[in-house]
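Structure at a glance
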Amino acid sequence: MGKSLKHIGVLTSGGDAPGMNAAIRSVVRTCTHHGIEVTGFYEGYQGVIDDNAETLDARAVAHIINRGGTMLRSARCAEFRTREGRQKAYDNLKKRGIEGLVVIGGDGSFTGASLLSDEFDIPVIGIPGTIDNDIYGTDFTIGFDTALNTVVDAVDRIRDTATSHNRLFFIEVMGRDSGFIALNAGIAVGATNILIPEESTELDEVITKLKTGRENGKTSSIVLVAEGEKMGDALFMAEETKKHLPDYDIRVSVLGHMQRGGNPTCADRVLATRLGVAAVEQLMAGHSSVMCGVRNGSVCTVSIHDAISRKPGIDRNLMHIAEIVSL
Ligand code: ADP
């Protein structure tokens, strides 16, 4: 253990994700357990710049483990991208006697944390909170499992109407840069095609597969499209397909922000709790500029630099599996 830690800060930043509350609770209660004071900053880095914050004790985080969103709220803060903004943030941290900061967010938030730490020598620890699962160094990010289950539930409902009316549905799910949600949910809902940014697919392949499916007796189909798919969005894909398959009853559904909401699943609550404990322990051990994650079932750390500069690869084996079972 390094020198004894007395006071840390915690914030949530960037896109919100279910399970962020469970992570805040875990950070706060771990600090209480070790006799460390915790200040929670509201609205991400904006709250640090504005000194919009309050002390959090164990009771302040009661009844939040089950709630989606984040009690500290989240924000995108342009001022923190400037050196002057980060100087203000550092001055406020110093004024409060804060010796380390836990940042719960995505790679943008970690980039900001890394700059703050490099410029002002304040320890920062990252906890990956994003529904997209697109962070290097962890098998899962907080919120991914909940979002997956939300998508699966929504698509199951759409499938009921798809099968009743022999329809072909193009369903767009979140994932601007990554296809983790589309790939995993696509397997779970039995999608005919899964279109993700990591994989280049031709429209011809999609159409051939849909035609073959129909020839083999398939009466309805679901095509899952990640929003970052390079060929175009779900609406575009549907319109293009209609040109080639005019007798198909084609519909489009864009799931949108509902994917971010809802109570976190058990897996996300447990992950968030494990990573909250780990983050405080990292600060107590005198470490900085690392992200806590989980690899092969065990909590691990990775340098924030790697977390933000490297991209997690999509599981090719999962792609192969999806291909086999989507006849
Ligand atoms: P996420 O953390 O979900 O990827 P963003 O990319 O919007 O979300 O980043 C969240 C916040 O992190 C930004 O509003 C900004 O305050 C801070 N941030 C992001 N990128 C940088 C950067 N290059 N330099 C400094 N701060 C950044």
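Residues numbered from 1 in each chain as written. Predicted model: local features only at pLDDT ≥ 70, side-chain atom pairs only at ≥ 80, totals over all residues. Heavy atoms only, no water.

Thoughts on the overall build of the protein
Helix and strand content of the protein: eleven helices and eleven strands. Its C-alpha atoms give the protein a radius of gyration of 22 Å, near enough to 20 Å, the size a compact globule of 327 residues would have. Across its three principal directions, the C-alpha atoms of the protein cover 70 × 35 × 30 Å. Looking at the protein residue by residue over its 327 residues, the buried ones come to 55%. Long-range contacts, defined here as pairs at least 24 residues apart, represent 76% of the contacts in the protein between residues at least 6 apart. Considering the protein, the positive charge centre built from 34 side chains and the negative charge centre built from 42 side chains are found 4 Å apart. (Helix = DSSP H or I, 4+ residues; strand = E, 2+ residues; numbered from the N terminus. Rg over C-alpha atoms; globule rule 2.2 N^0.38 Å. Buried < 20%, exposed > 50% of the residue type's maximum accessible area, 1.4 Å probe, protein only. Contact = heavy atoms within 4.5 Å. Lys, Arg positive; Asp, Glu negative; His and termini not counted. Charge placed at Lys NZ, Arg CZ, Asp CG, Glu CD.)

Re the site of the ligand
As a matter of local geometry, the ligand sits amid 16 residues, with Arg76, Cys77, Gly106, Gly108 and Ser109 nearest to it. Arg76 is positioned with one of its side-chain polar atoms (N or O) 2.5 Å from an oxygen atom of the ligand. Gly108 has a polar backbone atom sitting 3.0 Å from an oxygen atom of the ligand. Broken down by element, the shell around the ligand gets its largest block of residues, six residues, from helix α4 (residues 107-120). (Near = heavy atom within 4 Å. Polar contact = N/O pair within 3.5 Å; in protein donor to acceptor, adjacent residues only side chain to side chain.)

Here's the deal with the pattern of salt bridges
Counted according to the given criterion, the structure contains 13 salt bridges. Between Arg316 and Glu199 there is a salt bridge, with the nearest N and O atoms lying 2.3 Å from each other. Taken together, the positions of Arg316 in helix α11 (residues 316-325) and Glu199 in the loop between β7 (193-195) and α7 (203-215) put the pair 117 residues apart, joining distant regions of the chain. Here Arg316 falls in the partly exposed class, since its relative accessible area comes to 48%. Classification of Glu199 by relative accessible area gives partly exposed; the value is 26%. Note that Lys209 is salt-bridged to Glu323, the shortest N-O span being 3.6 Å. With Lys209 in helix α7 and Glu323 in helix α11, the pair connects residues that are 114 residues apart, well separated along the chain. (Salt bridge = Lys/Arg side-chain N within 4 Å of Asp/Glu carboxyl O.)

Re the packing of aromatic side chains
With the rule as written, the count across this model stands at four aromatic pairs. Taking 6.5 Å as the distance between ring centres and 20° as the angle between the ring planes, the aromatic pair formed by Phe140 and Phe144 counts as stacked. For Phe140, a relative accessible area of 44% puts it in the partly exposed group. Geometrically, the ring pair formed by Phe144 and Phe180 is edge-to-face, given 6.4 Å between the ring centres and 85° between the ring planes. With Phe144 in helix α5 (residues 144-164) and Phe180 in helix α6 (residues 180-189), the pair connects residues that are 36 residues apart, well separated along the chain. Among the residues examined, Phe144 registers a relative accessible area of 4% and is labelled buried. Here the guanidinium or amino end of Arg295 rests over the ring plane of Tyr136, the centre of that ring lying 5.6 Å away. (Phe/Tyr/Trp six-rings, centres within 6.5 Å; stacked < 30°, edge-to-face > 60°. Lys NZ or Arg CZ within 6 Å of the ring centre and 35° of its normal.)

Quick notes on a nonpolar patch on the surface
A cluster of nonpolar side chains, contributed by Leu235, Val252 and Val254, occupies part of the molecular surface with about 240 Å² of accessible area. Among the secondary structure elements, Val252 is positioned in strand β9 (residues 249-254). Classification of Val252 by relative accessible area gives partly exposed; the value is 31%. (Patch = residues over 30% accessible without salt bridge, like charges linked within 9 Å, V, L, I, M, F, W, Y side chains within 5 Å. Areas by Shrake-Rupley, 256 points an atom, 1.4 Å probe, with all protein chains shown as cover.)

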